[in-house]
Amino acid sequence: PDPAFPKSQYPQVTSRIDKMQKLLQAAYPELKGMEAEWYRSISGQAAVKDGPVPYALNALFLAYFCNTYENKIAPGGETGTWFYLWANQLNSWFAEYIKFYVIQKQPVYLLHKRAGELKGYPVYEGNYNQTSNTGTAWSRAVIITREKQSPYIPVTQKQFLKAYLNFNEKRHTETIEEREKNMVVKTAAEEELEKQKNMVILEKVTPPAKLARAKENYLKNYISSAQRKQATIDMLKASHEKEMKPARLLLADSLTAALDQPAILNYSNLLQFKEFSTINTDGRELVRLSPGYYDLSLPKSAPQLLIVYWSWDDKPPTNNWRNRVEQNFDFNALKEMIDK
């Protein structure tokens, strides 16, 4: 737990988690084809200094399978079917912290992709939506905040382009300085000694009839350490200029381009920008923490932000669980817990 959160106040957190668990159990009180376990957790630093403490409800659902060795039905030992309720934290499975960008002194996050709506709340894809050798797994998330407020605000296209260029210009300068400092350049005497050593090797491995031509080609194509160093630096600069060109051109056109709209990016363009995306394609919203969202006058145990996250395996009992939870979970009752 956040060290600023005293142990004497842990019961205030556990009582809230217990209420959250009752909402989950009410959504699907009689499990079919599975067993459930759940536990509480209080961990992580507060998002802002003196802010509310992060904590969570964690529930797992073990689907039954046929144990052919013992000839009986038993719950699985592992599962991809989970239900989480995170309080006062933008968990990375919902919003990925982008540590190399800072905008207006606020941390930056990349939300996962939008996946529609559920009971009036926006739904996002979770961190795991894939098929592997263990089967197919899906995940979804809903964020719940106080009415008409958000813990984050969109990063504009212009803000992103400036942050992207600033970060990469600084990194590029550091890379060039590192190469300048650490790539050794030999003296003229050292270069001449290097040539003589290689000439001796040529004489040992080259047929006499071809030796003169081999020496001529070697000297003609010899590249000094100073030339290699300069070629490396030139290559790095050219590569950097090529990578920065799309962002520079777009930012230079900011007088005519509408760059005050939210920055929507896929992950590759976040790291090596070529173009912005859209929500309807593969785009994800880039946001920054909203200053002043967290009310520091409230008790540290009060949930000011809640993220509901559920994942499920593609199996009959877990698909049924997912359908029942999405249909019956009372998101509005959860919202009533905000700030209380």
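What counts and what doesn't
- Residues numbered from 1 in each chain as written.
- Predicted model: local features only at pLDDT ≥ 70, side-chain atom pairs only at ≥ 80, totals over all residues.
- Heavy atoms only, no water.
- Helix = DSSP H or I, 4+ residues; strand = E, 2+ residues; numbered from the N terminus.
- Expected span 1.5 Å × (residues − 1).
- Buried < 20%, exposed > 50% of the residue type's maximum accessible area, 1.4 Å probe, protein only.
- Contact = heavy atoms within 4.5 Å.
- Salt bridge = Lys/Arg side-chain N within 4 Å of Asp/Glu carboxyl O.
- Axes fitted to C-alpha atoms, helices over the stretch in contact; angles between N-to-C directions.
- Parallel < 35°, antiparallel > 145°, perpendicular 65-115°, else oblique.
- Nonpolar A, V, L, I, M, F, W, Y, C, P; charged D, E, K, R; others polar.
- Bend = angle between axes of the 7 residues up to and from the residue.
- Phe/Tyr/Trp six-rings, centres within 6.5 Å; stacked < 30°, edge-to-face > 60°.
- Lys NZ or Arg CZ within 6 Å of the ring centre and 35° of its normal.
- Core = buried A, V, L, I, M, F, W, Y, C linked by side-chain atoms within 4.5 Å.
- pLDDT = per-residue confidence, 0-100.
- Left-handed = near helix turned anticlockwise from the far one by under 90°.

## As for unusual backbone geometry
Turning to step 1, where the next piece is worked out: Look at N71: it is not a glycine, yet its phi comes out positive at around 55 degrees.
Turning to step 2, where the next piece is worked out: Relative to the helices and strands, N71 is located in the loop between β2 (55–67) and β3 (72–75).
Turning to step 3, where the next piece is worked out: Unusually for a residue other than glycine, K105 sits at a positive phi of about 65 degrees.
Turning to step 4, where the next piece is worked out: Within the secondary structure, K105 sits in the loop between β5 (95–103) and β6 (106–111).

## Some points on helix α2 (residues 157–182)
Turning to step 1, where the next piece is worked out: Taking 1.5 Å of rise per residue, the 26 residues of α2 would be expected to cover 38 Å, and the 37 Å separating its terminal C-alpha atoms lies within 8% of that figure.
Turning to step 2, where the next piece is worked out: Of all the residues in α2, the buried ones are Q157, Q159, F160, L161, A163, Y164, L165, N168, H172 and I176.
Turning to step 3, where the next piece is worked out: Each element contacted by the buried residues of α2 is listed here: β5, β11 (152–154), α5 (225–252), β12 (264–265), α6 (267–271) and β13 (284–289).

## Focus: the pattern of salt bridges
Turning to step 1, where the next piece is worked out: Within this structure, the stated rule accounts for 14 salt bridges.
Turning to step 2, where the next piece is worked out: Between E169 and R248 there is a salt bridge whose closest N-O contact spans 2.3 Å. Within this pair, whereas E169 is found in helix α2, its partner R248 is found in helix α5, the two being separated by 79 residues in sequence.
Turning to step 3, where the next piece is worked out: Here E169 falls in the partly exposed class, since its relative accessible area comes to 27%.
Turning to step 4, where the next piece is worked out: A single salt-bridge network, built from bridges that share partners, covers E169, E241 and R248.

## Structural notes on the packing of α2 against α5
Turning to step 1, where the next piece is worked out: Between α2 and α5, the shortest axis-to-axis distance is 10 Å and the interhelical angle comes to 175 degrees. Put simply, α2 runs roughly antiparallel to α5. Where α2 abuts α5, its residues K158, L161, K162, Y164, L165, N168, E169, H172, T175, I176, R179 and E180 lie against K229, T232, I233, L236, K237, H240, E243, M244, A247, R248, L250 and L251.
Turning to step 2, where the next piece is worked out: Looking at the contact of α2 with α5, its residues break down into ten nonpolar, five polar and nine charged.

## Some details on α5
Turning to step 1, where the next piece is worked out: With 28 residues, α5 ought to run about 40 Å at 1.5 Å a step, and its terminal C-alpha atoms sit 38 Å apart, in line with that.
Turning to step 2, where the next piece is worked out: Roughly 45 degrees is the biggest bend found in α5, and it falls at K245, with proline P246 one to four residues downstream.
Turning to step 3, where the next piece is worked out: By the burial criterion, the buried members of α5 are S225, K229, I233, H240, M244, A247 and L251.
Turning to step 4, where the next piece is worked out: Buried-residue contacts for α5 involve α2 and α3 (188–205).

## Details of the packing of aromatic side chains
Turning to step 1, where the next piece is worked out: Scanning the entire structure with this criterion turns up 26 aromatic pairs.
Turning to step 2, where the next piece is worked out: Ring plane angle 75 degrees and centroid distance 6.2 Å describe the contact between W86 and W93, whose orientation is recorded as edge-to-face.
Turning to step 3, where the next piece is worked out: The buried category is assigned to W86, whose relative accessible area is 5%.
Turning to step 4, where the next piece is worked out: Through successive ring pairs, a cluster of aromatic residues spans F100, Y101, F160, Y164, F167, F273 and F276.
Turning to step 5, where the next piece is worked out: The side chain of R146 reaches across the aromatic face of Y293, ending 4.5 Å from its centre.

## Observations regarding the nonpolar core
Turning to step 1, where the next piece is worked out: F83, F329 and L334 are the most contacted members of the largest nonpolar core, which has 34 residues in total.
Turning to step 2, where the next piece is worked out: Top contributing element to this core by residue count: helix α1 (residues 10–27), with six residues.
Turning to step 3, where the next piece is worked out: Apart from the residues lying within four places of it in its own chain, the contact partners of F83 are L24, L57, N58, A59, F61, V308, Y309, W310, W321, V325 and F329.
Turning to step 4, where the next piece is worked out: With 22 residues, the next largest nonpolar core counts A56, L62, Y152 and Y309 among its residues.

## Observations regarding the confidence of the model for the chain
Turning to step 1, where the next piece is worked out: When pLDDT is averaged across the chain, the result is 91; 97% of the residues are at 70 or more.
Turning to step 2, where the next piece is worked out: Averaged over each element, pLDDT in the chain is lowest for strand β9 (residues 130–132) (67) and highest for strand β4 (residues 82–87) (97).

## With respect to the environment of P122
Turning to step 1, where the next piece is worked out: Relative to the elements of secondary structure, P122 occurs in strand β8 (residues 121–125).
Turning to step 2, where the next piece is worked out: Overall, P122 belongs to the partly exposed group, its relative accessible area being 26%.
Turning to step 3, where the next piece is worked out: The spacing of P122 and L270 is 148 residues in sequence and 23 Å in space, taken between C-alpha atoms.
Turning to step 4, where the next piece is worked out: Excluding anything up to four places from it in sequence, P122 contacts R114, G116, E117, A141, V142 and I143.

## Here's the deal with the packing of α3 against helix α4 (residues 208–221)
Turning to step 1, where the next piece is worked out: Across the interface, α3 lies against α4 with an axial gap of 10 Å and an inter-helix angle of 150 degrees. Relative to α4, the element α3 lies roughly antiparallel. Considering the relative orientation of α3 and α4, their crossing is right-handed. Residues E194, K195, N198, M199, L202 and E203 of α3 form the contact with α4, whose participating residues are L211, A214, K215, Y218 and L219.

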